[in-house]
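Chain by chain, the residues run as shown.
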Amino acid sequence: MKFSLSWLRTHLEGDASLEQIVTTLSAIGLEVEAVEDRSRSLEGFRTARIIEAAQHPNADRLRVCQVDTGETVLNVVCGAPNARAGLNVVLGQPGAVVPSNGMVLKLGEIRGVPSQGMMCSSRELGLGEDSEGIIELPEGTLPGQAYGSFLGIDPVIEISVTPNRGDCLGVRGVARDLAAAGLGRLRQWNPAPVSGKFASPIVWVNQFPEACPWVLGRAVRGVKNGPSPQWLQDRLNSIGLRPINALVDITNFFAFDLGRPLHVFDVAKVTGNKLTIRRGEGDNFVALNGKNYVAHTEDCTIADASGAVSFAGVMGGSSTGCDEATTEVFIECALFDPVRVALSARRHQVVSDARQRFERGVDQAMPPDALEAATRLVIELCGGEASYVVTAGEEPNWRREASLRFDRLSSFGGSDIDADEAVLRLEHLGFIVTHRSAERVSVQVPSWRNDVAGAGDLEQAPGLDIVRAAEAAEGAAEIEPEADLIEEVLRLSGLDAIPPRSLPALRLVPEATLSAKQVRTGLARRVLAAGGLQEAVGFSFVARDQALLFGEAPESLRLLNPIAADLDQLRPTPVASLALAAQRNQARGLIGSSLFEIGPSFNEAGQSLVAASLRVGVSPPNWLQASRAPDVFDAKQDVMAVLAALGVPGESLSVTADAPEFYHPGRSGVVRQGLKLVLARFGELHPKLRTSLGLDQAAVAAEIFLDAIPEPKKKRKAAPEISALQPLRRDFAFVVDSGVAADAVLRAARGAERTLIAGVVLFDVYDKLADGKKSLAIEVTLQPREKSLTDAEIEAVCAKIVAAVGKATGAVLR
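Residues numbered from 1 in each chain as written. Predicted model: local features only at pLDDT ≥ 70, side-chain atom pairs only at ≥ 80, totals over all residues. Heavy atoms only, no water.

Caption draft 1: Main features of the overall build of the protein. Helix and strand counts for the protein stand at 20 helices and 40 strands. Compactness check: the protein gives a C-alpha radius of gyration of 39 Å against a globular reference of 28 Å for 814 residues, more than 25% above the reference. Along the longest, intermediate and shortest principal axes, the C-alpha atoms of the protein span 120 × 85 × 60 Å. Per-residue burial over the protein gives 47% buried out of 814 residues. Sequence separation of at least 24 residues holds for 69% of the intrachain contacts in the protein that already meet a minimum separation of 6. Surface accessibility of the protein: about 41,000 Å² in total, with carbon and sulfur atoms responsible for 51%. Averaging the positions of the 84 positive and the 101 negative side-chain charges in the protein gives two centres separated by 7 Å. (Helix = DSSP H or I, 4+ residues; strand = E, 2+ residues; numbered from the N terminus. Rg over C-alpha atoms; globule rule 2.2 N^0.38 Å. Buried < 20%, exposed > 50% of the residue type's maximum accessible area, 1.4 Å probe, protein only. Contact = heavy atoms within 4.5 Å. Areas by Shrake-Rupley, 256 points an atom, 1.4 Å probe, with all protein chains shown as cover. Lys, Arg positive; Asp, Glu negative; His and termini not counted. Charge placed at Lys NZ, Arg CZ, Asp CG, Glu CD.)

Shown next, in the form of structure tokens:
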């Protein structure tokens, strides 16, 4: 919320300084985000007068001017077509900084003639778009005045308004809080009614009272639209709004002055004599921002005989907008349901000043006064006469009471405030005392304070706090607003004045800072980083067509309000994000990418945490080894390293060849513990996928499902003692069918004699045998524990190994 200091003073009477106002705003809960003093950017620019303007001797389009600065006369070369003798201008002298481009003015020479300054246009000073000539100041302007002071430019204050304080999205609401805090007096605002002269040519029809309980309007005919007066343009310019025309500027003015959005329709552009408030019916119309929208059935729209012409409470339509040709205008002033306005604006991704105010709740009693004030200002600026007021619906039952026990200011609020002072503060904020005793006070809540809810009034008062509405829907019989009143009383002293209270000391042993899941996540991160991978942190969503490349993209996981059009689907795997990162790296000339990310993956069953890695491109060569592309075993090594670090026993794992379709069907695998529990997947990316992504280098990926890894057992078996006996190794070469996995041979050999076999590794594969056979050679390590093995015992163990492998895989000893 922005407002200028002079604008604030139209509602706040007093002589408080800017520093006092800024300090008080933050102290009472309206945090000041910034203070912009635009007059500082005009330092070094002063009013001046051209005494003489002669033709430049060496340039047809330049003039040499003698300029009176009030102290001396300077020689200034100027190319503006309106530079002439007798003209009052704005002069920048050496050392001044031009606001529009940051250029520092210096003494110079232009086409052989010295120039001691620069006469400026509005655009150069950042005060407008006019750049055709230099600024022409009024007759009688005295030279030598600071131009910022001459314009009366004052500071602009920007505050952060919390969602519950919709009343402070108007300058008057801010002034009310400051006055209640003792920083001046709130000026009276009682708009005089404007008498109606004729029947309104447009009437209201309300078919959607749930979304709009009350709407008013009246026509003003005989208006002459055009640029708004300078004071109004200055107000809007000060807060960053571009003046459009008088009728539109008036509605923008009241949105910020009173926090009361209004809308104006050009009567000549309205089809028929009715404006109907109804549900959207698929109407296609162009809004004032120039964008085309299709109204949803849950949207509240305002329609004429041709269809929807406005998103109620959000934005009007361009078809009925006011322009220079407007001669009769219809002013709309309505109450709209905050939740429906918020959902409609979010559905269509529309951001507007009206939406910001309606979705926080506006003053429910103000519409008649606001309509009178707007009508009077329209007539003052544009002329004309007003019609009678037409309405639909009725004023909602917003009246509610709240009570405060004085002792709670100390016991609950922590501050000792006198009862009389507490009541006075509430009255200054607009609360009306209905009953008072020595112990408590009951007050009527003002119409603009939708955040202070009274008991049992939630259904009747639109715009109340959503959390409280939810509590009421869950069966809360009564909602006590006393805490709201305590807050109002305390904050007017300054939130920083509330004495700090230490929490009671707990003499307990603190729990572990990190959960087991967090520890495992950190350990997985360290292992992957140690493996030469760089961590990436990406979005959890991708484009829908990209998500389909990595699995399913169900409609239930599509974002209704994505932050970007190409980020509209929750990703099925972090590998998708890593592959897109590698694609961008390749487009920028990087040779290879070795990335990992620990983040969520999504499917219709829910969300799971995944540690994913991706290796793309060849490794750089060095004097020890040549460069090589990553293969499936690099991805498998990433998986096994993480699982080992997380305490998963390797002998309990098996690898199956049923990886998803985005992996290469013959160079991928799924790591399981037992038959069903899937812990990881790895493999080369499918060539078709690489082609779709434009990756022209080899790529391998891995996914470790951290949520699926069982928690380590609390009671672990003690590690076996290192035997003093020498281990011995035996080699076996088995002939098996080509389709037999090496892992099956290893598991069978390992289980043949668990008390003696300490390790089994595959060291050779020969797949050129006839009849669809291959040879797998394994090395078995036997580790005696109690005594050395005899030859007979060794042969017995070897026989068990051959038998076990043969039974499990059909292998024969080669």
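Caption draft 2: Geometry of the sheet that holds strand 39 (residues 773-782). Pairing in this open sheet of 4 strands is antiparallel, and the strands run 38-39-37-40 from one edge to the other. Only two strands of the sheet have a single partner each, and these edge strands are strand 38 (757-766) and strand 40 (812-813). Sheet topology note: the strand 38/strand 39 ladder contains 8 bridges and is antiparallel. Bridging across to strand 39, L762 finds its partner in I778. Strands strand 37 (728-737), strand 38 and strand 39 of the sheet are contacted by helix 19 (residues 742-750), whose axis makes an angle of about 150° with strand 38. Packed on one face of the sheet, helix 20 (residues 791-809) meets strand 37, strand 38, strand 39 and strand 40 and runs near 25° to strand 37. (Pairing = 2+ DSSP bridges. Axes fitted to C-alpha atoms, helices over the stretch in contact; angles between N-to-C directions.)

Caption draft 3: Up close: helix 7 (residues 338-348). For helix 7, every residue scored as buried is listed here: P338, V341, A342, S344, A345 and H348. Projection of helix 7 onto a plane perpendicular to its axis shows the buried side chains occupying an angular sector of 170°, all on one side. Positive phi appears at Q349, one or two residues downstream of helix 7, with a value of about 55°. (Arc of directions from axis to C-beta.)

Caption draft 4: View of the packing of aromatic side chains. Within the structure shown, the criterion is met by 12 aromatic pairs. Relative to F734, the ring of F732 lies with its centre 6.1 Å away and its plane at 10°, an arrangement referred to as stacked. The pair formed by F732 and F734 is uniform in burial state, with each residue classed as buried. Of the aromatic side chains, those joined through ring pairs into one cluster are W7, W231, F253 and F254. Stacked on the ring of F198, the Lys or Arg R221 has its end atom at 3.7 Å from the ring centre. (Phe/Tyr/Trp six-rings, centres within 6.5 Å; stacked < 30°, edge-to-face > 60°. Lys NZ or Arg CZ within 6 Å of the ring centre and 35° of its normal.)

Caption draft 5: Main features of the side chain of S352. For S352, the position within the fold is in the loop between helix 7 and helix 8 (353-358). Polar side-chain contacts of S352 include one of 3.1 Å to the backbone nitrogen of R355. Not counting residues within four places of it along the chain, the set of residues in contact with S352 comprises V314 and M315. (Polar contact = N/O pair within 3.5 Å; in protein donor to acceptor, adjacent residues only side chain to side chain.)

Caption draft 6: Up close: the sheet that holds strand 3 (residues 31-36). The strand order 1-11-3 describes an open sheet built from 3 strands, whose pairing is antiparallel. With one partner strand each, in any of the chains shown, strand 1 (2-4) and strand 3 form the two edges of the open sheet. Adjacent strand axes in the sheet meet at a mean angle of 25°, parallel and antiparallel pairs treated alike. Examined bridge by bridge, strand 1 and strand 11 (residues 156-160) share 3 bridges and lie antiparallel to one another. Bridge assignment links S4 to a residue of strand 11, and that residue is V156. In the packing of helix 2 (residues 18-27) onto the sheet, contacts are made with strand 1, strand 3 and strand 11, and the angle to strand 3 comes to roughly 155°.

Caption draft 7: Layout of the pattern of salt bridges. Tallied over the full model, the rule gives 40 salt bridges. As a salt-bridge pair, R360 and E359 come within 3.2 Å of each other at their nearest N and O atoms. Given a relative accessible area of 25%, E359 falls into the partly exposed group. (Salt bridge = Lys/Arg side-chain N within 4 Å of Asp/Glu carboxyl O.)

Caption draft 8: Broad picture of the confidence of the model for the protein. When pLDDT is averaged across the protein, the result is 90; 95% of the residues are at 70 or more. Across residues 455-479, where pLDDT falls below 50, the model places 39 contacts with residues more than four positions away in sequence or in other chains. (pLDDT = per-residue confidence, 0-100.)

Caption draft 9: Molecular detail of the nonpolar core. Core analysis: the largest hydrophobic core is formed by 113 residues, its most contacted members being L25 and I159. When residues no more than four places from it in sequence are discounted, the contact partners of L25 are F3, L30, E31, V32, I157, I159, V174 and L178. Membership of the second largest hydrophobic core comes to 28 residues, among which are A553, Y663, A699 and A701. (Core = buried A, V, L, I, M, F, W, Y, C linked by side-chain atoms within 4.5 Å.)

Caption draft 10: Structural context of the environment of T47. Position of T47 among the secondary structure elements: in strand 4 (residues 45-55). Classification of T47 as buried rests on a relative accessible area of 1%. Setting aside residues no more than four positions away along its own chain, T47 makes contact with T69, V89, L137, T141, L142, P143, G144, Q145, Y147 and F150.

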